[in-house]
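Report on the structure
Residues per chain are reported as follows:
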Amino acid sequence: MRVAVTGGGGFLGSHLCETLLRRGDSVVCLDNFSTGEPRNIAHLLSNSSFEFIHADVSAAVEVPGRVDAVAHLASPASPPDYLRQPLETLAVGSRGTENALRLALCHRARFVLASTSEVYGDPLVHPQDENYWGNVNSVGPRSVYDEAKRFAEAISVAYRTTHGLDVGIARIFNTYGPRMRPHDGRVVSSFITQALTGEPLTVYGDGKQTRSFCYADDLVRGLVALIDSSATGPFNLGNPVERTVTELAEEVLRLTGSSSEIQYHPLPVDDPTRRRPVIARAREALGWQPEVDIDEGLRRTIEWFASRPGSLSASAAAIRGGQDDGTPPPTADLGVLVPEPVGPSAVSARA
Ligand code: NAD
Ligand code: UDP
């Protein structure tokens, strides 16, 4: 099978390319490295089954030769990344998704969309199954990502109903692992970077908000199962074991043996209070479930981060101060990026 992977130079995309190559597929990776890094795929370039195309998929998606499946992962995913690139995020979720759908249609290929648990917004139903429609603030700071992904789901379904395209939708819940950028601002990468460099761990809000963390290898297995199936879903892909953010901080401190302190900062605007996937649908239709528990996943991730000590101190400073390579200040401040806050909920922090 020849698979086009948009966003293949990113954290999850590079793991997906690697897994597909390992089982004998050919891979065409498309990326503009807006949030990905060339070093994520550097080790794949010598593989004759791997091709890389530097492209902004919001402008065009062109792949010469046969294509059997398109996995559309291109999009900023970390809140600081998408808040820094609001228009690009909306563009890649809308135009980028349609360009990727057209590529699939042109080849009658399977199309798999990397959607997100963010389509549930700050959920009023807990845990979340796929029948829940969500609670998204369409004019809040996170809307550039949430609504782009909701549009991406809608247009993918419309390509199925209008053109009979073979579409599958994955709603990915918080996933972590090697190749996250140490200063991408996501919670696992930030806490590990801070713990390994002796910086305080920056917990936003009261730290009682929850997330359910899935290890990258598990997630990628789910994506591959979805590529191989003909099911549409949407499918929640995530690990249903739920943690508070403070519990995660304590776990990272324990596993790293760090003596960093925990510091509390204001909660970002519209930060979801709790999140846990119901994965019964994926279990039944795809035969998929996560296998790596959080201790083991964190251990592997910490090991990977620790093997890159040079970049960690600069990254810790970037998370703290936000000045060095354009990385913005901690997510806690990002609500102020909304030009005109609308209504009390847009300006108030819960802690
Ligand atoms: P990432 O930022 O590491 O990867 C995204 C990749 O897309 C990057 O390599 C980036 O350069 C590329 N990209 C962005 N815009 C592009 C454009 N216009 N043209 C070409 N390439 C472009 O993030 P990730 O965590 O690997 O996420 C991958 C996908 O999975 C995203 O679609 C994201 O929304 C989705 N997802 C991830 C998570 C998670 O926890 N990691 C959760 C939910 C959804
Ligand atoms: N978070 C935190 N400290 C950080 C980064 C994030 O406490 O340094 C919190 C954030 O407010 C959210 C949770 O951790 O409640 C997960 O954040 P992340 O950005 O990783 O993912 P998302 O909010 O998209 O689920």
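In this report, we go over the structure that sits alongside the text. (Residues numbered from 1 in each chain as written. Chains lettered and ligands numbered in written order. Predicted model: local features only at pLDDT ≥ 70, side-chain atom pairs only at ≥ 80, totals over all residues. Heavy atoms only, no water.)

At their nearest, the axes of helix H5 (residues 187-197) and helix H9 (residues 294-306) sit 10 Å apart, and the two run at 60° to each other. Between H5 and H9, the angle is such that the two are oblique. Two packed elements cross with a definite hand, and for H5 against H9 that hand is right-handed. Two secondary-structure elements touch here, H5 through Val188, Ser189, Ile192, Thr193 and Leu196 and H9 through Leu298, Thr301, Ile302, Phe305 and Ala306. Across the contact of H5 with H9, the residue classes tally to seven nonpolar, three polar and no charged. (Axes fitted to C-alpha atoms, helices over the stretch in contact; angles between N-to-C directions. Helix = DSSP H or I, 4+ residues; strand = E, 2+ residues; numbered from the N terminus. Parallel < 35°, antiparallel > 145°, perpendicular 65-115°, else oblique. Left-handed = near helix turned anticlockwise from the far one by under 90°. Contact = heavy atoms within 4.5 Å. Nonpolar A, V, L, I, M, F, W, Y, C, P; charged D, E, K, R; others polar.)

A separate point is the environment of glutamate 251. In this structure, glutamate 251 sits in helix H7 (residues 245-256). According to the relative accessible area criterion, glutamate 251 is buried, its value standing at 9%. For glutamate 251, the contacting residues outside a window of four places in its chain are Arg243, Ile294, Asp295 and Leu298. (Buried < 20%, exposed > 50% of the residue type's maximum accessible area, 1.4 Å probe, protein only.)

Bringing the packing of aromatic side chains into the picture now. Considering all chains together, one arrives at six aromatic pairs under this definition. Considering the side-chain rings of phenylalanine 33 and phenylalanine 52, the 5.2 Å spacing of their centres and the 25° angle between planes classify their relative orientation as stacked. Here phenylalanine 33 is found in the loop between strand E2 (26-31) and strand E3 (50-54), whereas its partner phenylalanine 52 is found in strand E3, with 19 residues between them in sequence. Residue classification places phenylalanine 52 among the partly exposed residues on the basis of a relative accessible area of 28%. Geometrically, the ring pair formed by tyrosine 120 and phenylalanine 173 is tilted, given 6.1 Å between the ring centres and 40° between the ring planes. Here phenylalanine 173 lies in the loop between strand E6 (167-172) and strand E7 (175-176) and tyrosine 120 lies in the loop between strand E5 (110-116) and helix H4 (143-163), a separation of 53 residues in the sequence. Judged by its relative accessible area of 1%, tyrosine 120 falls in the buried class. Residue classification places phenylalanine 173 among the buried residues on the basis of a relative accessible area of 1%. Among the aromatic residues, those joined into a ring-pair cluster are Tyr120, Tyr132 and Phe173. (Phe/Tyr/Trp six-rings, centres within 6.5 Å; stacked < 30°, edge-to-face > 60°.)

This part covers the pairing of E5. The buried count for E5 comes to seven of seven residues, which makes it a mostly enclosed element. Burial along E5 is two-sided: the residues Arg110, Val112, Ala114 and Thr116 and Phe111, Leu113 and Ser115 are all buried. With four bridges joining them, strand E4 (residues 69-72) and E5 adopt parallel strand pairing. From the neighbouring strand, histidine 72 faces E5, where its bridge partner is leucine 113. With six bridges joining them, E5 and E6 adopt parallel strand pairing. Directly across from phenylalanine 111, in E6, lies its bridge partner valine 167. (Pairing = 2+ DSSP bridges.)

Okay, the site of ligand 1 next. What surrounds ligand 1 is a group of 29 residues, the closest being Leu12, Asp31, Thr35, Tyr145 and Thr175. Contact between ligand 1 and threonine 35: an oxygen atom at 2.6 Å from a side-chain N or O atom of the residue. Here ligand 1, which alone exposes 820 Å², has 96% of that area covered by the protein. Only helix H1 (11-22), E5 and H4 provide two or more residues apiece to the shell around ligand 1. Examining the composition of the shell around ligand 1, we find that three residues originate from one element, E5, more than from any other. Class assignment of the residues belonging to the shell around ligand 1 gives a composition of twelve nonpolar, 13 polar and four charged. (Near = heavy atom within 4 Å. Polar contact = N/O pair within 3.5 Å; in protein donor to acceptor, adjacent residues only side chain to side chain. Areas by Shrake-Rupley, 256 points an atom, 1.4 Å probe, with all protein chains shown as cover.)

Quick look at the environment of histidine 43 now. Within the secondary structure layout, histidine 43 lies in the loop between E2 and E3. On the accessibility criterion, histidine 43 (42% relative accessible area) is partly exposed. Considering only alpha carbons, one finds histidine 43 and aspartate 81, 38 residues apart in sequence, at a separation of 25 Å. Once residues within four sequence positions are removed from consideration, histidine 43 is found in contact with Glu18 and Arg179. Of the polar contacts made by the side chain of histidine 43, one reaches the side chain of glutamate 18; its length is 2.6 Å.

Counting residues in hydrophobic clusters, the biggest one holds 59 residues, and the most contacted among them are Leu16 and Leu298. When residues of this core are assigned to their parent elements, the largest contribution, eight residues, is made by helix H6 (residues 216-228). Each residue touching leucine 298, except ones within four places of it in the same chain, is listed here: Tyr176, Val188, Ile192, Leu248, Glu251, Val252 and Leu255. Judged by nonpolar contacts, the second largest core, of 24 residues, contains Val28, Val67, Phe111 and Ala152. (Core = buried A, V, L, I, M, F, W, Y, C linked by side-chain atoms within 4.5 Å.)

Everything listed is a geometric property; what it means functionally is a separate question.
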